[in-house]
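Inside the fold
In case you want the letters, here they are:
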Amino acid sequence: MSLYTGYLAIHKFEAELEKEFEIKGLTVAVKKDRLYLVEGTHGPMIWAQVTAFNLREIPITSIKDGAKKLRALGRNWGLFTVGHHRRAQLIQEELPEYNRKPIPFRNPLPTSPMGFWTLLEADKILAATETSSPFALGELTFQEDKTTPPSRAYLKLWEFFTVYAPEAITGGTSIDVGSCPGGWTWVLRTLDFDKIISVDKAPIEQRILDLGRIDFRQESAFGLDPANFDEIDWFCSDIICYPERLRTLVKKFLASGKVRNFVCTIKYQAETDWAETLKFLEIPGSEIVHLHHNKHEVTWFLKGAPR
Ligand SMILES: C[S@@+](CC[C@H](N)C(=O)[O-])C[C@H]1O[C@@H](n2cnc3c(N)ncnc32)[C@H](O)[C@@H]1O
């Protein structure tokens, strides 16, 4: 029996995932709705909202038999239906409940594994006990703050500092470029940085500035000279610009040896700029993810850059 790696494409970004398969030389054996199956074991993909490792087929004789077989393998199961929707839901209802509640910012991640399953045929389950996310189908939702942050962009940085950089922050300096109206600057202000340098051609909201410890500079980020800065713990960018311009800026700060960590949104125009995306990935030690809160953009990050 063959084992598959299952990739659930992000809604509306199926074409991006298909292109990524092509770039990585992977052949899709089966496609059902947004679910792509590749034979063998492979790593996660930027444009998959969740990756299911070692998916295996499980024959079942009834709803109860399906639920029993899944329960025997694991406790938590995220269901994605590709057909037989009602029957799949009835099986899911026989499985233990898991916590679906939105989480607070920087909440420790769930430690129990989250499985993935689908009902391929009425009498055939496809299931994996191991997935790329502790959240069902990779869907992470927060207990949002609907009043303080001036834009919803803050959710991207919340997700990043909850999932990819949960380490404690104890002082130091962060810089937020492309910061208007101030969502990311607000997030950095709620972390324990001693100083937040916030840069945009347009002003950020006064009530965010009034929180203190924020050094706002109204100018173009592309004119910044690393020579004029002391050490920076986190360089954060949510600038709307061509990916190539962002990469030039990042490389300038990286070359200065003054920045320890980077997190930057790579924003695309109508088309996904794969050539530039791959150039970002060539920067040693860096990673690219599509956050649950990213739209037609991805998040590039680098932790522990050489000084
Ligand atoms: C998506 S918004 C940033 C939202 C922000 N992260 C937040 O949480 O509120 C993108 C910003 O990039 C800024 N921007 C574009 N070109 C810039 C440049 N050359 N220098 C600085 N900021 C720039 C725009 O003014 C805009 O405010």
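Residues numbered from 1 in each chain as written. Predicted model: local features only at pLDDT ≥ 70, side-chain atom pairs only at ≥ 80, totals over all residues. Heavy atoms only, no water.

It is worth spelling out the packing of helix H4 (residues 154–164) against helix H5 (residues 183–190) at this point. Relative to each other, H4 and H5 sit at 35°, their axes nearing to 8 Å. Seen along the crossing, H4 lies across H5 with a hand that is right-handed. For the pair formed by H4 and H5, the contact residues are Tyr154, Lys156, Leu157, Trp158 and Phe161 on the first element and Gly183, Trp184, Trp186, Val187 and Leu188 on the second. Grouping the constituent residues of the contact of H4 with H5 by class yields 8 nonpolar, 1 polar and 1 charged. (Axes fitted to C-alpha atoms, helices over the stretch in contact; angles between N-to-C directions. Helix = DSSP H or I, 4+ residues; strand = E, 2+ residues; numbered from the N terminus. Left-handed = near helix turned anticlockwise from the far one by under 90°. Contact = heavy atoms within 4.5 Å. Nonpolar A, V, L, I, M, F, W, Y, C, P; charged D, E, K, R; others polar.)

This paragraph deals with the site of the ligand. Close contacts around the ligand come from 19 residues, with Ser151, Gly183, Asp200, Ala221 and Asp238 the closest. At 3.4 Å from an oxygen atom of the ligand is found a main-chain nitrogen or oxygen belonging to Pro181. Residue Asp200 places a side-chain N or O atom 2.7 Å away from an oxygen atom belonging to the ligand. Relative to its unbound accessible surface of 600 Å², the ligand loses 85% to contact with the protein. For the shell around the ligand, a count of residues per class yields 8 nonpolar, 6 polar and 5 charged. (Near = heavy atom within 4 Å. Polar contact = N/O pair within 3.5 Å; in protein donor to acceptor, adjacent residues only side chain to side chain. Areas by Shrake-Rupley, 256 points an atom, 1.4 Å probe, with all protein chains shown as cover.)

A word on the state of the cysteines. This model, assessed by the stated rule, comprises 0 disulfides. Free of any disulfide, Cys236 has its nearest neighbouring cysteine sulfur in Cys264, separated by 7.6 Å. (Disulfide = S-S within 2.5 Å.)

The next thing to look at is the nonpolar core. Judged by nonpolar contacts, the single largest core of 42 residues is most densely connected at Phe235, Phe262 and Trp300. Here this core spans two domains, and each of domain 1 (4–138) and domain 2 (154–302) adds at least three residues to it. The contacts of Phe262, once residues within four sequence positions are left out, are Trp234, Phe235, Val250, Phe253, Leu254, Trp300, Phe301, Leu302 and Ala305. (Core = buried A, V, L, I, M, F, W, Y, C linked by side-chain atoms within 4.5 Å. Buried < 20%, exposed > 50% of the residue type's maximum accessible area, 1.4 Å probe, protein only. Domains from an automatic or database assignment.)

Another aspect to go through is the sheet that holds strand E10 (residues 195–200). A sheet is described by the order of its strands in space; here 7 strands give the open sequence E11-E10-E9-E12-E13-E15-E14, paired in mixed fashion. Two strands in the sheet have a free side with no partner beyond their single neighbour: strand E11 (214–218) and strand E14 (286–289). Taken over all neighbouring pairs, the strand axes of this sheet differ in orientation by 15° on average, direction set aside. Alignment of strand E12 (residues 232–237) against strand E13 (residues 259–267), held across 5 bridges, turns out to be parallel. Each bridged residue has a counterpart across the sheet, and for Cys236 the counterpart in E13 is Val263. (Pairing = 2+ DSSP bridges.)

Another point: unusual backbone geometry. Cis geometry marks the peptide bond from Cys180 to Pro181, where omega comes out at 5°. Of note, Pro181 is situated in the loop between strand E9 (173–177) and H5. Of note, the phi angle at Asp33 is positive, near 55°, even though the residue is not glycine. You can see Asp33 is positioned in the loop between strand E2 (30–32) and strand E3 (35–39).

Bringing the side chain of Lys156 into the picture now. Inspection of the secondary structure assignment puts Lys156 in helix H4. Those residues within four positions of Lys156 in sequence are excluded, and the remaining contacts are Trp184, Asp238, Thr265, Lys267, Leu291, His293, Asn294 and Glu297.

Once the domains are mapped, the chain shows domain 1 (4–138) and domain 2 (154–302). For domain 1 versus domain 2, the separation of C-alpha centres amounts to 32 Å. Across the boundary between the two partners, domain 1 contributes 14 residues, which contact 25 residues of domain 2. Overall, the association of domain 1 and domain 2 removes approximately 1500 Å² of surface from exposure, summing both partners, and the carbon and sulfur fraction of that is 72%. In terms of surface lost to domain 2, no three residues of domain 1 exceed Ile46, Phe105 and Arg106, which account for 47% of the buried area on that side. At the boundary of domain 1 with domain 2, the tally comes to 0 salt bridges. Linking domain 1 to domain 2 there are 6 residue pairs in polar contact (both at pLDDT 80 or more). For the side of domain 1 that touches domain 2, the residue count by class is 8 nonpolar, 2 polar and 4 charged. (Buried area = accessible area lost by both parts, 1.4 Å probe. Salt bridge = Lys/Arg side-chain N within 4 Å of Asp/Glu carboxyl O.)

This paragraph deals with the environment of Asp225. Topologically, Asp225 is positioned in the loop between E11 and E12. On the basis of relative accessible area, Asp225 is assigned to the partly exposed category, the value being 38%. With 27 residues separating them in the primary sequence, Asp225 and Lys252 have C-alpha atoms 8.3 Å apart.

Our next topic: the pairing of E9. Within E9, 5 of the 5 residues are buried, which leaves the element mostly enclosed by the surrounding structure. Because side chains alternate across E9, one face comprises the buried residues Thr173, Ile175 and Val177, and the other comprises Ser174 and Asp176, equally buried. Bridge count for E9 against E10 is 5 bridges, and the pairing is parallel. The partner of Ser174 across the bridge, within E10, is Ile196. Regarding the hand of the β-α-β motif, the stretch spanning E9, H5 and E10 is right-handed. One ladder, built from 4 bridges, connects E9 with E12; its direction is parallel. Bridging from a neighbouring strand, Ile175 pairs with Phe235 of E12. (Right-handed = clockwise from strand over helix to strand, strands pointing away.)

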